[in-house]
Structure formats: structure tokens, C-alpha cells
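Next come the chains, spelled out residue by residue.
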Amino acid sequence: MKRIFRTILFLFMLGAGTCTFASVGQSDSLLKRWQAIKDTAHDTVKIELLRELGRQIKYSNPDSAIQFLSIALDLAEKNNLQNEKAHVISRMGGAKYVKGEYDFALEYFLEALSIWEEIDNKKGIAIGLNNIGLIQNMQEKTGKAIHNHLQSIELCKENKDTLLWAINVHNLGIAYNTAGSYDTALIYADSSIKLYRSIGRPLEAVIVYNLKGEIFINKGEYDKAIENNLSIINHPDYNNKWEICYALANLAEAEKHLGHHEKSIEYAMRSFKLALEIGAKWDIQKVTGILAEVYSLLKNWEEAYRFLAIHKAYSDSIFNEEKEKEINYLQLQRKHEENELLAAENQLHEQRIERKNVVIYGVISGVLLLSLIVFVLYRNNFLKTRLNRELKKTSETIADKNRKLTELNATKDRLFRIISHDLKGPVSNIVSFTDLLKENYIEFDKQTIKDIILSMNKTSKEGLRLLDNLLDWVRSQTGALALHCAHINLMELTMEVIELLITAASAKNIKFDHSIPENLHVYADKNMTAAILRNLISNAIKYTPEGGNIKLEAWPDASSSKVEIAVSDNGIGIKKENLKTIFDLDEQRTTPGTNNEKGTGLGLIICKEFVEKQGGTIWVESEEGKGSKFTFTLPHGSAQYTESY
Ligand code: ADP
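Analysis parameters
- Residues numbered from 1 in each chain as written.
- Predicted model: local features only at pLDDT ≥ 70, side-chain atom pairs only at ≥ 80, totals over all residues.
- Heavy atoms only, no water.
- Helix = DSSP H or I, 4+ residues; strand = E, 2+ residues; numbered from the N terminus.
- Buried < 20%, exposed > 50% of the residue type's maximum accessible area, 1.4 Å probe, protein only.
- Contact = heavy atoms within 4.5 Å.
- Areas by Shrake-Rupley, 256 points an atom, 1.4 Å probe, with all protein chains shown as cover.
- Polar contact = N/O pair within 3.5 Å; in protein donor to acceptor, adjacent residues only side chain to side chain.
- Phe/Tyr/Trp six-rings, centres within 6.5 Å; stacked < 30°, edge-to-face > 60°.
- Lys NZ or Arg CZ within 6 Å of the ring centre and 35° of its normal.
- Axes fitted to C-alpha atoms, helices over the stretch in contact; angles between N-to-C directions.
- Parallel < 35°, antiparallel > 145°, perpendicular 65-115°, else oblique.
- Left-handed = near helix turned anticlockwise from the far one by under 90°.
- Pairing = 2+ DSSP bridges.
- Nonpolar A, V, L, I, M, F, W, Y, C, P; charged D, E, K, R; others polar.

### Some points on the overall build of the protein
Moving on, step 1. Within the protein, the regular secondary structure consists of 23 helices and seven strands.
Moving on, step 2. Across the 645 residues in the protein, those meeting the buried criterion constitute 46%.
Moving on, step 3. Restricting to contacts in the protein with at least 6 residues of sequence separation, those with at least 24 account for 70%.
Moving on, step 4. On the protein, roughly 33500 Å² of surface is accessible, and the fraction owed to carbon and sulfur atoms is 55%.

This is the structure we're talking about:
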């Protein structure tokens, strides 16, 4: 291990002291004062006195210093005086440092620093950083030591603490010397001397000569080294045994290099005695090393071996590996504590974030839950509305089906009525006529027979018409009646129908009057259209008395692409109350014709059915006693496409 300088300890102790160089007399008087006040004074007064006592005697009697400082520590703890406590602990570290017990020293320094950090005492933190730098320098971790001293200097500037600033500059010189940067070390040494002097601390400046002496030894400039070290031991006001011990060791080293062995031994022995006196292990090991070397140079093997054994024993006790490990361990522990602190802070931070997250998640969950509820309610409402709509539709369908069923029922009833009554009538009549003829054929004259045959013919025709209507209507109801549309000449078709009915019209002396354009065409089913015309014309004949008139008209309606066809008569007309329901199946009632012609009550229903099937409409205008006009529409046809029939 390289030679390390420990003058720094003295320097760092200055940071908290008021009187740097205490004489034996001074410390004695402090001891007496302590004896006088120890049972009566206030704790703070006692602490202050003990701290000063510890500072003064630590170089001559570090063990006693530690004892007095321990009392001060108890008092500071009892009164919970944190800053005082840190100062006392720091000073105890200093006493341990003098003794060369660097591991304990570091432990105390770290503890003091952590208190200062806790109470955010900037002055204390600056002292602590300087002290840690000392130990790091002892471990030759000069980079770290320099860093801590520079940090301490920053705080000193902030605190306007020039003394500690000077101490740090001095210690930087030591660190650079340890690192082998001798010229830089000299610059720092001289700077610190200037700084000490600038604040009226000339005796502190003297200590720097120890460093300078050391630097010159390292540079091989032994005369300069001797000159600097002598200025310490010859100084009239300088009485620090520890520093003098160090200066003497340096002188011994320099003289050894110059070959002045006797002189070297003389300085070394003086240093050795002082080191033993104050129990400074580091100094003992240093100076015994020099002595062993000089004696070996003198070939005095016995003495050389004796001092080498002492040197070895002290070296081991200071620098053995265990100690190194311990020091490192303490540093690690500090790091660990720092980490724990950081981890605790981190945990707190995380807890805060977690709490925040819980709130955020809570709000998000609330919003989601609310959205879900709104969604479910909306969906329920939507489904309900849809269900209602479907229900309404279903009930409408049911109502429609009901209506159709009712209609079907009415159809069925009407059908039975027609078959059982209306159709039975003509057939029974014919049977009666034929019975009459069968039984009275011989007695009846020709005219009577002819009348009976004519009546039979008329009844058969009525029956046939009824059957035709019945069949047409049944076919239309069962869907068996398919549409076969074609372009039909309306006038031609009307004439055909009139021809079939002309006998009935002539029997009542009814005249036809038609104004249907010759070229007017409808696009319709011929059979259906003929059935419509047949029913309307035959009704007109039926409900028009003798000598009446029937008018047939048709005209195209340009606005609707339809043809309107009207059948009017000047017959008996229809009662107002019957007009509205005249096309309704269930309301259908029949009235006899003017010649008591029988009706079926199916004709108008068939007309309506057939007109609507072909896309048209039918309506009636009538006045009782004046006549009726039935009008219906059919799609307009074209002559171009007319089929011949
Ligand atoms: P029907 O003539 O066989 O009774 P319709 O369905 O053809 O059956 O007519 C129903 C009823 O409408 C008739 O019974 C009659 O009361 C009335 N009606 C129809 N056409 C006329 C008309 N031209 N003049 C007066 N009443 C009519």
C-alpha cells in the first residue's frame, strides 16, 4: 500500500472547533471545569464543554476523548439535540481516525452525515462529505474522494464556510498526491495555505507543510521536503503532537533517501515515541517501516527485524483484508440504506400511483357499468319496442286473417243460401213445369204448352245465369280464376254482351243507348270484363221498368292511363242507406226486379272482385226513383296489339 497522509484528520476537526491548537494547559483547565460543572450545569453547556474537551485531547489521548464524547452523546440523545448529536458522533469518528481505526471512523462519519442529511443541515453535510473523502483517500479511492471534497466545497460556498472550504482544498491536495498527481497536489496545497491565511488561520496553514514535505519526497526533492517538514517542528506556536509525529517521520524518510542514516533514525525514534504516546497505529506502522529500512541499510539486522515485526503487526491491524472488507461493507451498508430509503420513497410513490389508479379504475368501471346499464336498458327498450311492433303486426295479421275468415264464413253462408234457396227455386220451377206438362200434355192446348215452355226457358236462363255467377265467383275465391289480359276492343265486347241480354231488354221494351268510341281499347281479361258488363247491364234491365233507357258510355282518362266505363239506367235507383254497403259481401241484400225478377246478391260482388283483380275501381251513383249509374275503370289498351276474337 502506498503511503497515505492523515493530516487531514486534524483539518477536518477544525471545521467544528473554535480553538484549533490547544495546549496541555488548556485541556487541563477544561478538565477541571468539567469536574466543577458536571453535576450542576445545563445539559447543553455540558455537551459544548465535552465536545471541546474531546477535540483538544483526541491527538494526545484519543481513547479519553472518545469517553468524554460518549457522555456528550448520551446527553444529546436524551435532549433529542440532533445537530449536537451529529457533531459529537463525527468527533468520535475523528478520534478513531487518529487511532488508525478507519472502519469505526467511517461508521461514525456515515452516521453523523445521515443525521445531518435528515435534518437538512448543510454545514453538517459539508463536514460529513469531507470526512467520507478522508476515508476514501485512505482506501486510495481518490476519484471518489476528490468528488466528495468538491461537493463539500460547493456546500461551503453556499454556507460561506471558508475554513471548511480551505480544509477541503487541503484535502484535495492530499488526494492528488495519493493519486500521483504531484504538481496538481502542490497547487492545491499552496491554495489552501493562502485560504487559511486569508481567514487568519496561520497555524492551520503550517500543517500544509507536512503535505508539501510528503509531495517533495514523492518527487525525489528531499531537501525541499526537509525544509517544509522542519518548518513544522521548529514552529514556536505549533504543538500538535500528531502532526509533529508525522513531520518527524517525513524527515526520517527524507534523510534516509539522502543517506543520512543516523539522522534518519533520530527523527524516526522521536516520531515513534510520539506515535506510541498517542496510540496512533498508522503513524507507528509508518515510522517503524522507515526504521526497519534504515537499520537494514546499516546491516543492523537485529534492530531491522525488531522494527519490521512491529511494522508488520501494525500494518496488518490497520490494513488487513478484513478491515478493507469492513470498510467496504460499511459503504455498502450506507448504499443499502440509501437504496432502502429510495425504495421506501418509491413504494410511497407507487402507492400514490396505485391509489390514483384505483380511483381512475373506479371511475372507468363506474362509467362502464353505467354505460352497460344504459345499454341494457336501451336494448330492453329496443327489444320491447320491436316486440310490440311485431305483436302489433301479428295482431294485425290475426285481425286480417280473422276478417278473411269472417269473409270466408260469410261466403260459405251465402253459398249455402244460394244453393239451397236461389238455385233450388229455378230448378223446382222447371220440375213443376215439366210435371204439369207430363200430366196435362193431352188436355193442354198448344198455346198453353208454349207458355209453359217459355216460362221454363226463362227460369232455366235465370238458373243458368245464377250458376254462371256462382261458378265465376267460386273460381275467383279459390284462386282458380287466372288473369289472361289482352288488348280488347271495348265496343265490340259490349255489343256481344248486349246481344245475350237483348231478349230480356226487349221483353221490357228497354232501349239501349251507347256512346263507346269504336277504337277504345282496354288491357283486360276478356271473360272477366264480359262478366262485369253482363252483371251491370242485366241489373240495369232488371231494375228499370217498362220502356226505360239504358246508357252505355266509355272514355279514356289520360291522367290515370285508365278507361272509365259506365252503365246507367233510369230505373228504380238504390236507397241511400244501401249505397255504402252495396259492394260488401256480408252486407249484401237483394231486391227483386221491376218484373219481380229474382236476384242472387252476387253480381256486384263479382264485379268488384273482377275490376280490382285487373287493377281498376268500381263505384255507384244512384238516386231512388231516378236511376243508377255504375262506373268502373280498366287499364287503357291499344288497338295495335288487339287480338282477334
Ligand atoms: P242481384 O241483382 O242478383 O240481386 P246484385 O249483386 O247484382 O244481385 O245486386 C245487388 C242489389 O243491388 C240488387 O238486389 C239491387 O237491390 C241493387 N241493384 C243493383 N243494380 C241496380 C240497379 N241498376 N238499379 C237499382 N238497384 C240495383
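Read on, since the account is not over.
### Some words on the side chain of Thr288
Moving on, step 1. Within the secondary structure layout, Thr288 lies in helix H15 (residues 281-297).
Moving on, step 2. A relative accessible area of 0% means that Thr288 is categorised as buried.
Moving on, step 3. A distance of 2.6 Å separates a polar side-chain atom of Thr288 from the backbone oxygen of Ile284.

### Let's talk about the packing of aromatic side chains
Moving on, step 1. For the coordinates displayed, the defined rule picks out seven aromatic pairs.
Moving on, step 2. Centroid distance Tyr97 to Tyr102: 5.0 Å. Interplanar angle 65 degrees. Geometry classified as edge-to-face.
Moving on, step 3. By relative accessible area, which is 0% here, Tyr97 ends up buried.
Moving on, step 4. Overall, the relative accessible area of 4% leaves Tyr102 in the buried class.
Moving on, step 5. Lying across the ring of Phe104, Lys96 places its NZ or CZ 5.0 Å from the centre.
Moving on, step 6. Sitting over the ring of Phe307, Arg306 keeps its end group 4.5 Å from the ring centre.

### Quick look at the packing of helix H14 (residues 261-278) against H15
Moving on, step 1. Between H14 and H15, whose axes approach to 9 Å, the crossing angle comes to 155 degrees. One finds that H14 runs roughly antiparallel with respect to H15. Between H14 and H15 lies a crossing whose hand is left-handed. In this structure, H14 contributes His261, Ser264, Ile265, Ala268, Met269, Ser271, Phe272, Ala275 and Leu276 to the contact, and H15 contributes Asp283, Ile284, Val287, Thr288, Ile290, Leu291, Val294, Tyr295 and Leu297.

### Looking at the side chain of Gln136
Moving on, step 1. Among the structural elements, Gln136 can be located in helix H7 (residues 122-138).
Moving on, step 2. The exposure class of Gln136 is buried, given its relative accessible area of 7%.
Moving on, step 3. Of note is the side chain of Gln136, whose polar atom sits 2.6 Å from the side chain of Asn148.

### Comments concerning the pairing of strand S6 (residues 618-623)
Moving on, step 1. Burial along S6 is one-sided: the face carrying Ile618, Val620 and Ser622 is buried and the face carrying Trp619, Glu621 and Glu623 is not.
Moving on, step 2. Relative to strand S7 (residues 627-635), S6 runs antiparallel, the two sharing six bridges. Residue pairing across strands places Glu621 opposite Lys629, the latter belonging to S7.
Moving on, step 3. The turn joining S6 and S7, which pair antiparallel and follow one another in sequence, is formed by three residues; a positive phi near 85 degrees is taken by Gly625.

### Here's the deal with the packing of helix H9 (residues 162-178) against helix H10 (residues 182-198)
Relative orientation and spacing of two packed helices are given, respectively, by the angle between their axes and the distance between those axes.
Moving on, step 1. The contact between H9 and H10 brings their axes to 7 Å, and the two run at 160 degrees. What the angle tells us is that H9 and H10 run roughly antiparallel. Seen along the crossing, H9 lies across H10 with a hand that is left-handed. Contacts from Thr162, Leu163, Trp165, Ala166, Ile167, Val169, His170, Leu172, Gly173, Tyr176 and Asn177 of H9 reach H10 at Tyr182, Thr184, Ala185, Tyr188, Ser191, Ser192, Leu195 and Tyr196.
Moving on, step 2. Looking at the contact of H9 with H10 residue by residue, the classes come out as twelve nonpolar, seven polar and no charged.

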